[in-house]
Structure formats: C-alpha cells, structure tokens
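Chain residues, written in single-letter form:
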Amino acid sequence: MEEKYGSLQKIKTAFEQSYNMKLLVDMENWEYYKDNPEETLELSENLVTDDIELSKLDLQLLNTIKHQNPKSIQEVADLLGKNVSNIQPRLKKLEKNGFIEFIEGNKNSLKPHLTYDDIKITI
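From a predicted model like this one, the values you see are computed outputs, not experimental measurements. For every chain, the first residue of the written sequence is number 1, and numbering continues from 1 along that sequence. Where totals are concerned, whole chains, interfaces and linings use all residues; where local detail is concerned, this predicted model gives features only for residues with pLDDT of at least 70, and gives and counts side-chain atom pairs only at 80 or more. In computing side-chain values, all of the structure's heavy atoms are included and hydrogens and water are not.

Caption draft 1: How the structure looks around the overall build of the protein chain. Only DSSP runs of H or I reaching four residues or more are called helices, and only runs of E reaching two or more are called strands; each is numbered from the N terminus. Within the protein chain one finds six helices and two strands. In sequence order, the protein chain lays out its α and β elements as α-α-α-α-α-α-β-β. A simple rule labels every residue: compare its accessible area, found with a 1.4 Å probe on the protein chains alone, to the largest value its type can have, and call it buried under 20%, exposed over 50%, or partly exposed in between. In the protein chain, buried positions account for 28% of the 123 residues. Note on definitions: a residue-residue contact is assigned when non-hydrogen atoms from the two residues lie within 4.5 Å. Looking at the protein chain alone, contacts between residues at least 24 apart form 45% of all its contacts between residues at least 6 apart. As displayed, the protein chain has an accessible area near 8,900 Å², and 46% of this comes from carbon and sulfur atoms. Each accessible area is a Shrake-Rupley result for a 1.4 Å probe, and residues are judged covered by the shown protein chains and nothing else.

Caption draft 2: Examining the pairing of strand β2 (residues 110-114) more closely. Strand pairing requires that DSSP identify at least two bridges connecting the strands. As judged from the five bridges shared by strand β1 (residues 100-104) and β2, these two strands associate in the antiparallel manner. Each residue of the ladder has a partner; that of Glu104, found in β2, is Leu110. Adjacent in sequence and paired antiparallel, β1 and β2 are bridged by five residues, among which Lys107 carries a positive phi angle near 50 degrees.

Caption draft 3: Broad picture of the packing of aromatic side chains. Working definition: rings of Phe, Tyr and Trp (its six-membered ring) pair if their centres are within 6.5 Å, and the pair is stacked with planes under 30 degrees apart, edge-to-face with planes over 60 apart, and tilted otherwise. Counting across every chain of the model gives one aromatic pair. Their ring planes at 85 degrees and their centres at 5.1 Å tell us that Tyr32 and Tyr33 sit as a pair that is edge-to-face. Given a relative accessible area of 27%, Tyr33 falls into the partly exposed group.

Caption draft 4: Inspection of the nonpolar core at higher detail. To define a nonpolar core, start from buried Ala, Val, Leu, Ile, Met, Phe, Trp, Tyr and Cys residues and group those joined through side-chain atoms within 4.5 Å. Counting 13 residues, the largest nonpolar core has Leu61, Leu62, Ile65, Ile87, Leu91, Leu94 and Ile100 as the members making the most contacts within it. Secondary-structure elements contributing two or more residues to this core are α4 (56-68), α5 (73-80), α6 (84-96) and β1. Not counting residues up to four positions away in its chain, the partners in contact with Leu61 are Val76, Leu80, Ile87, Arg90, Leu91 and Leu94.

Caption draft 5: Broad picture of helix α3 (residues 21-35). The span one expects for a helix is its residue count, reduced by one, times 1.5 Å. Taking 1.5 Å of rise per residue, the 15 residues of α3 would be expected to cover 21 Å, and the 21 Å separating its terminal C-alpha atoms lies within 8% of that figure. For α3, the set of buried residues is Lys22, Leu23, Leu24, Val25, Asp26, Met27 and Trp30. Against α1 (2-5) and α2 (8-18) lie the buried residues of α3.

Next comes the structure, spelled out in structure tokens:
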C-alpha cells in the first residue's frame with residue numbers, strides 16, 4: 001500500500017476529494033491490516049455500492065479493454081465503431097467508479113487499463 005499510495009493520510013485525502021470506492025476499500029484494508037498484522041492477506045477486493053449503473057455500453061467497454069488491450073481512448077472508440085465524444089465520458093465514469101485507470105500511452109494518449117481481473121455482480 002505504501003508503494004501504491006505513499007501513506008495512509010494520502011489515500012484518505014485522495015478519497016475525500018474523489019469519493020472513489022476503490023480508494024475507500026484500499027484505505028479500510030490498510031487500516032485493518034495495520035492493526036492486525038498477524039492476519040493473512042488475501043489479494044482480492046470487494047466493492048459495495050448502490051451508486052453504480054452499468055449500461056450495455058459500459059460492459060462492452062470493459063470487455064473491449066480486457067480482450068482487445070487498446071492503446072488509447074480513440075482505439076476503444078474505433079474498435080466499437082463509436083464516436084470518441086460518446087466513449088470518453090463513459091470511460092471517465094468507469095474510472096471514477098474504480099473499474100479502470102488510465103496509463104500514459106504513446107504521444108500523451110491515455111491507455112485504459114482494468115483495475116480488476118474479474119468482476120462479479122451480486123444482487
């Protein structure tokens with residue numbers, strides 16, 4: 001966690017600014033394991049929220065990012081035959097909800113990257 005976020009205070013500050021649920025889960029895990037170092041750490045994450053709405057397009061975006069490994073937002077749009085102006089806000093929403101992150105790509109492009117290997121929706 002220190003390598004990823006720097007300090008517990010930094011992750012708290014980042015969460016307060018963004019309300020990103022992935023940050024909240026990481027922060028809670030960090031606090032727990034700090035107080036319980038004898039516990040075995042299992043590498044998994046749970047996201048519990050009522051605020052996420054995933055449309056068919058969102059699921060297509062996640063699937064495309066996972067299986068096609070696009071190098072830019074433009075490439076995602078091209079792979080789906082959609083306009084970038086329609087795709088970019090959806091990708092930003094997926095980033096805000098913690099499903100993806102953007103990595104700097106070639107020529108200052110943003111490369112979408114999944115933050116999870118597996119996503120399960122439980123109702």
